[in-house]
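A look at the structure
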Amino acid sequence: MNALLDPTNDYVFKRLFAEAPELLVALINDLRPDLPDIASVEILNPTIVRKRALTPFYPMGR
């Protein structure tokens, strides 16, 4: 069993970066090395709505 949480999971990603926006700034700056660095970010919706997190995924076309 892997001890780390998967950062590609929407819940994990939002929880991680909403609580530590300096990590998000570092990620963005690392992903765009040819552009000027950004200094800060503003998380507009830091809360995670439980209803959305529990909604089952339905493939498109259904």
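Residues numbered from 1 in each chain as written. Predicted model: local features only at pLDDT ≥ 70, side-chain atom pairs only at ≥ 80, totals over all residues. Heavy atoms only, no water.

1. Here we look at the overall build of the protein
Helix and strand counts for the protein stand at 3 helices and 0 strands. Ordered by position from the N terminus, the helices and strands of the protein form the series α-α-α. The buried share of the protein, taken over its 62 residues, is 10%. Expressed as a percentage of contacts within the protein between residues at least 6 apart in sequence, the contacts between residues at least 24 apart total 30%. With the model as given, the accessible surface of the protein reaches about 6,000 Å², and the carbon-plus-sulfur share is 60%. (Helix = DSSP H or I, 4+ residues; strand = E, 2+ residues; numbered from the N terminus. Buried < 20%, exposed > 50% of the residue type's maximum accessible area, 1.4 Å probe, protein only. Contact = heavy atoms within 4.5 Å. Areas by Shrake-Rupley, 256 points an atom, 1.4 Å probe, with all protein chains shown as cover.)

2. Things to note about the confidence of the model for the protein
Counting all residues, the mean pLDDT for the protein is 79, and 74% of those residues have values of 70 or more. For the protein, the element scoring lowest by mean pLDDT is helix α3 (residues 50–54), at 55; helix α2 (residues 21–31) scores highest, at 94. (pLDDT = per-residue confidence, 0-100.)

3. Observations regarding the packing of helix α1 (residues 10–19) against α2
Across the interface, α1 lies against α2 with an axial gap of 4 Å and an inter-helix angle of 105°. By the criterion of interaxial angle, the relationship of α1 to α2 is roughly perpendicular. Residues Phe13, Leu16, Phe17, Ala18 and Glu19 of α1 form the contact with α2, whose participating residues are Pro21, Leu23, Leu24 and Leu27. Looking at the contact of α1 with α2 residue by residue, the classes come out as 8 nonpolar, no polar and 1 charged. (Axes fitted to C-alpha atoms, helices over the stretch in contact; angles between N-to-C directions. Parallel < 35°, antiparallel > 145°, perpendicular 65-115°, else oblique. Nonpolar A, V, L, I, M, F, W, Y, C, P; charged D, E, K, R; others polar.)

4. A closer look at α2
Those residues of α2 that sit buried are Leu24, Val25 and Asn29. When α2 is viewed along its axis, its buried side chains cluster within an angular range of 130° and face the same direction. In α2, those exposed residues whose orientation departs by more than 90 degrees from the buried face are Asp30 and Leu31. The inward-facing, buried residues of α2 abut α1. (Arc of directions from axis to C-beta.)

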